[in-house]
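# Geometric and topological summary
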Amino acid sequence: MVNPNTPALGSCRLISALLSVLVLALVAAALPRATPAQATPAAAATPPMGWNSWNKFGCNVSDKLIREIADAVVSTGMKDAGYRFVNIDDCWQVSRAADGAIIVDPERFPNGMKPLADYVHSKGLKFGVYTDAGRMTCEKRPGSYEHEVQDIQTYASWGVDYVKIDWCYAEGLEPPVQYAKFRDAIAQSGRPIVFSICNWGVKAPWTWGPRTGNLWRTTGDISDHYDRMSVIGFSQDGLEKFAGPGHWNDPDMLELGNGGMKHDEYLTHMSLWAILAAPLLAGNDIRSMSDETKSILMNPEVIAIDQDAKGVQGHRVWDEGPLEIWVKPLADGSQAVGLFNRGESPLPVTLDFNKIGAPSSAKLRDL
Ligand code: GAL
C-alpha cells in the first residue's frame, strides 16, 4: 500500500511505501513513447494463458474433468479474462499400436481425443496435450522419442493447439536437437500449435529456445509453497534479454488457489509472474475456486501487465536486504513496478523515480 501521506502526484520525486507484501504500481508518465511491439507470426505473440491439469490433478485426468474445466473456464469469467488454453498434462496416454500410433487411455478418455478437442473448441477455447521428448513421460507413459513426426501429426489431426514436451527418460539425448524435431514437425503439420519446451532449464534453453519453441521452462518444478515459488520467480532476473513476442521464459505454471500459500503470497506469485511476462497457466480446480482466488487470477490490470504488447520481461532494478524493486516497461511508455518485501515483517521501501527513468512528475496507480 502506498503511504497516504505521500504528496499527490505531480511534484513528488520519492514515494515511500510501507510494505508487508508486494505493491504493484503503474507509473504512467511523460516518458518517451516506446517502439511498438514487433509483429510476430508466432502463435504466442503474448505469453500463453490458460489452464493445465498437473499442479492440482496429477495423473487424475479424464474426459469428464476436462469438459467440466472447459465449462468452468467460461462460466467463471476466466475466458473473458484471457485464459484460453485447456491443457491435459501427463497420463492421458497408455501405449502404442503396432504402427506406432499413440493410444489414449480408453477408460479415462472413452471418446478419444478428437471429440474432446471439439468440445473444448465449441466453447471458444483451445486444446493442449503433453508428451515427452524422451523414451517415456515422467509418469512412465510412452514418450515421443522416434515418434516425433507421427505424434505431432496425430495431435494436429485431433485439433491440438498447444503441446508441452517434457524431458524425462532422455538420457544421452541433446535437447536442442530433439526439440528441433518437434518444431519442424509442427511446421510440417501446418497447424499453428504453441510449442512449450519443458526441460527444466537443462542446457540453457533460453539460448536455443527462441529459435525452437514458443516458451521454455527455466527451472525445475514449482510447488504450492511460498519458498519454492519465490525462489523460482525471483531467480528469473537476467533472463529478460531472451524473451519477447512469440518466445517466452517459463518459470512454470501457477499454483494460485491450491491452498498452500497465504493470500499475500499468492498476490506475490501473480504479480511477479505478470512482471516477468510469464505464461499464465492456472493450475487449480477452477470449478470450485474461491472469490479470493478469482480476484487474483482475474485481476484485469495485472493480466494486462503480463499481456502487454511490448512483450518485455521485467527485471530487478534494486534490492537491499529482503526488499526488491522490479520494473517492466510497457507499450504505452508507462512502467509496471513491483515493490516486493521477501521478509517476514513489514518494512518501508522507497521508490526513487530517477532510478526507474521516470520523470519527477508522474502518475502512480496501485493495481
Ligand atoms: C515434470 C514437469 C511437470 C509435469 C510433470 C508430469 O517433468 O516439469 O510440469 O508436466 O513432469 O509428469
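The structure under discussion appears in the preceding block.
Below is a summary of the structure that appears in this document. Being a predicted model, the structure only gives us computed values, none of them experimental. (Residues numbered from 1 in each chain as written. Predicted model: local features only at pLDDT ≥ 70, side-chain atom pairs only at ≥ 80, totals over all residues. Heavy atoms only, no water.)

## A word on the pattern of salt bridges
- In this structure the tally under the stated criterion is 19 salt bridges.
- When the shortest N-O distance is used, the salt bridge between Lys 203 and Glu 174 registers 2.9 Å. With Lys 203 in the loop between strand E9 (194-197) and helix H7 (205-208) and Glu 174 in the loop between strand E8 (162-166) and helix H6 (175-189), this residue pair connects regions lying 29 residues apart in the sequence.
- Residue Lys 203 is classed as partly exposed on the basis of its relative accessible area of 47%.
- Arg 217 is the salt-bridge partner of Asp 252, the closest N and O atoms lying 3.4 Å from each other. Here Arg 217 lies in strand E10 (residues 215-217) and Asp 252 lies in the loop between strand E11 (248-250) and helix H9 (263-275), a separation of 35 residues in the sequence.
- Using a relative accessible area of 3% as the deciding quantity, one classes Asp 252 as buried.
- Residue classification places Arg 217 among the buried positions, given a relative accessible area of 2%. (Salt bridge = Lys/Arg side-chain N within 4 Å of Asp/Glu carboxyl O. Helix = DSSP H or I, 4+ residues; strand = E, 2+ residues; numbered from the N terminus. Buried < 20%, exposed > 50% of the residue type's maximum accessible area, 1.4 Å probe, protein only.)

## Remarks on the site of the ligand
- Around the ligand sit 13 residues in total, of which Asp 89, Asp 90, Lys 164, Asp 166 and Asp 221 are the nearest.
- Asp 90 has a polar side-chain atom sitting 2.8 Å from an oxygen atom of the ligand.
- One nitrogen or oxygen atom from the side chain of Asp 221 is found 2.5 Å from an oxygen atom belonging to the ligand.
- Compared with its free state, where it exposes 310 Å², the ligand has 96% of that area covered by protein.
- Looking at the shell around the ligand, its residues break down into six nonpolar, no polar and seven charged. (Near = heavy atom within 4 Å. Polar contact = N/O pair within 3.5 Å; in protein donor to acceptor, adjacent residues only side chain to side chain. Areas by Shrake-Rupley, 256 points an atom, 1.4 Å probe, with all protein chains shown as cover. Nonpolar A, V, L, I, M, F, W, Y, C, P; charged D, E, K, R; others polar.)

## Description of the packing of helix H8 (residues 226-234) against H9
- One can describe the packing of H8 onto H9 by two numbers: an axis separation of 10 Å at closest approach and a directional angle of 20°. Taken as axis vectors, H8 and H9 run roughly parallel relative to one another. Two packed elements cross with a definite hand, and for H8 against H9 that hand is left-handed. Of H9, the residues touching H8 (which contributes Tyr 226, Met 229, Ile 232, Gly 233 and Phe 234) are Glu 265, Thr 268, His 269, Leu 272 and Trp 273.
- Class assignment of the residues belonging to the contact of H8 with H9 gives a composition of six nonpolar, three polar and one charged. (Axes fitted to C-alpha atoms, helices over the stretch in contact; angles between N-to-C directions. Parallel < 35°, antiparallel > 145°, perpendicular 65-115°, else oblique. Left-handed = near helix turned anticlockwise from the far one by under 90°. Contact = heavy atoms within 4.5 Å.)

Everything listed here is a matter of coordinates, which is why it stays silent on function.
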